[in-house]
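Understanding the architecture of this molecule
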Amino acid sequence: MNQHSLVTAGRKITYPNWRVLLNCLTADYEKMHGRPSGNLSRKIHEFCKTIDAVRDKLLNDGSNFYPEFAYGAIKQCSGKYTSGVSVDKIIETIDNLDFGMNEFYSVFDVVENEHVIIDSKITDVLGIPPDKFSMRAMCGLEPDNPLHHPEDVNHAIRFALIAYLIVGLPDFEWKAHRDYYRARFRIGTSKSTDPSIRNKEYVMVEKRAYLSHNYVLDSDFVPTKHFDRWIVYDASEFDGIKPYFSSDTFQSEFRNAYWYLLHAYLIGIPPKYLIILNERLQNDRNKTIAASLSKKLADYARVNFSYDEMQIGNYFSKTIRPKLSEAMIIWDKQRPNYIVGSDQEAVETAKKLGLLPIPERVKELIYKNVMQG
């Protein structure tokens with residue numbers, strides 16, 4: 001179905017689905033871009049087909065499927081990739097500076113699916129030798145080298161795979177070593193040679209991945225490498241993976257909106273339920289959620305529709321919480337009988353899944369495209 005409807009007192013409102021919202025976002029971007037190529041809508045359609053085709057592989061074997069998906073996405077990249085300072089110069093500069101005590105760097109090659117350069121300082125920062133800092137270990141594929149955190153790994157992999165699609169969007173420009181993708185997750189330290197780090201069991205790392213290239217280039221480059229800056233914090237600082245694309249204000253807003261919509265399309269929970277759940281971030285009573293939803297429908301979509309607190313309570317108990325429970329069983333894989341037992345737990349679960357908070361531009365698109373009649 002393309003729409004999700006609700007009938008109350010003889011009136012019906014219909015919420016847009018994720019494909020509709022992707023089309024609306026593309027229309028907004030092309031209108032604001034100034035010189036759109038016309039390729040963006042075709043690429044989004046292609047990405048949705050790709051997600052449909054690989055969803056089962058991601059569900060059943062995401063860790064092993066990671067390199068195939070990432071390399072396939074890079075081969076289809078159609079953005080503008082502007083070269084800059086070579087990674088060799090970046091590393092030379094960093095090595096000559098008094099870099100942060102809790103930081104190190106690496107260079108990742110998508111074709112090889114591995115770090116091809118790892119800062120020797122990782123041994124001081126984590127007590128882990130460079131040759132043990134592998135992608136396979138962080139994906140949970142090396143039992144004798146448990147760098148992954150079981151509660152984070154499946155989500156971090158899924159988020160990164162959608163991020164590779166964003167790198168391939170046409171009409172966006174990526175500047176080497178300036179634009180980056182950020183994610184936060186926990187890694188295991190049980191094999192650290194430093195007792196004080198080893199006893200922590202886990203630390204949080206913030207990874208900033210910058211598209212990169214070797215040597216000095218006078219032209220655009222193929223984005224098969226990224227320079228990764230790693231910042232290490234205590235695990236108590238972790239409050240979600242929080243994926244984010246950093247660029248100029250215009251590109252950042254749309255990149256993050258596209259990431260959210262494509263990822264939500266993959267998960268499959270309809271926008272109607274997530275927009276109700278998103279209201280729970282600012283309102284802790286069903287009555288105030290109902291009033292806020294009704295006001296926004298009037299302000300954004302000129303829709304005269306009033307929710308009541310009983311409807312909101314029913315949505316949470318009968319639909320939202322069961323759908324999130326099912327999504328966690330499918331995508332988290334840690335507890336086969338996972339049950340979301342409260343509305344607040346629904347919020348925390350949606351955050352973990354990467355479904356909350358909804359970006360501001362996406363929220364506006366959802367409200368503006370609600371139809372009445």
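Values in this document were obtained by computation on a predicted structure and should not be read as measured data.

Conventions adopted
- Residues numbered from 1 in each chain as written.
- Predicted model: local features only at pLDDT ≥ 70, side-chain atom pairs only at ≥ 80, totals over all residues.
- Heavy atoms only, no water.
- Pairing = 2+ DSSP bridges.
- Helix = DSSP H or I, 4+ residues; strand = E, 2+ residues; numbered from the N terminus.
- Axes fitted to C-alpha atoms, helices over the stretch in contact; angles between N-to-C directions.
- Buried < 20%, exposed > 50% of the residue type's maximum accessible area, 1.4 Å probe, protein only.
- Contact = heavy atoms within 4.5 Å.
- Expected span 1.5 Å × (residues − 1).
- Phe/Tyr/Trp six-rings, centres within 6.5 Å; stacked < 30°, edge-to-face > 60°.
- Salt bridge = Lys/Arg side-chain N within 4 Å of Asp/Glu carboxyl O.

With antiparallel pairing, six strands are arranged side by side in an open sheet as 5-4-9-8-7-10. Edge positions in the open sheet fall to strand 5 (114-118) and strand 10 (244-246), since each of these has one partner strand only. Neighbour-to-neighbour, the strand axes of this sheet turn through a mean angle of 35 degrees, independent of strand direction. Pairing of strand 7 (residues 180-188) with strand 10 involves three bridges; the strand directions are antiparallel. What sits directly across from Tyr181, in strand 10, is Phe245.

So, about the side chain of Ser134. For Ser134, the position within the fold is in the loop between helix 4 (122-126) and helix 5 (135-138). According to the relative accessible area criterion, Ser134 is buried, its value standing at 8%. Ignoring anything within four residues of it in the chain, the contact list for Ser134 reads Glu114, His115, Glu142, Asn145 and Leu147.

For helix 6 (residues 153-167), which comprises 15 residues, the first-to-last C-alpha distance of 21 Å matches the rise-based estimate of 21 Å (1.5 Å per residue) to within 8%. Of all 15 residues making up helix 6, 15 are buried, and the element is well covered by its neighbours.

A few words on the packing of aromatic side chains. We describe a pair of aromatic rings using the distance from one ring centre to the other and the angle between the two ring planes. By the definition in use, this model includes 21 aromatic pairs. Plain terms: the ring middles of Tyr81 and Phe221 are 6.2 Å apart, the flat faces sit at 65 degrees to each other, and that makes the pair edge-to-face. Pair noted here: Tyr81 is in strand 3 (residues 80-82) and Phe221 is in the loop between strand 8 (202-212) and strand 9 (225-234), with a separation of 140 residues, a long-range link. The residues Tyr81 and Phe221 share a single accessibility class, namely buried. Ring geometry for Tyr180 against Tyr210: centres 5.0 Å apart, planes inclined by 50 degrees, an arrangement best described as tilted. Taken together, the positions of Tyr180 in strand 7 and Tyr210 in strand 8 put the pair 30 residues apart, joining distant regions of the chain. The exposure class of Tyr180 is buried, given its relative accessible area of 15%. Residue classification places Tyr210 among the buried residues on the basis of a relative accessible area of 11%. An aromatic cluster of three or more residues is present, and its members are Tyr29, Phe172, Phe250, Phe254 and Tyr258.

Throughout the structure, instances matching the rule amount to 23 salt bridges. Across the pair Arg186 and Glu151 runs a salt bridge whose closest N-O atoms are separated by 3.6 Å. Residue Arg186 is found in strand 7, and its partner Glu151 is found in the loop between helix 5 and helix 6; the two are separated by 35 residues along the sequence. A salt bridge links Lys207 to Asp228; the nearest nitrogen and oxygen atoms lie 3.9 Å apart. Remark: Asp228 occurs in strand 9 and Lys207 occurs in strand 8; sequence separation between them is 21 residues. Beyond isolated ion pairs, a larger network of salt bridges with shared partners links Glu151, Asp152, Arg186 and Lys352.

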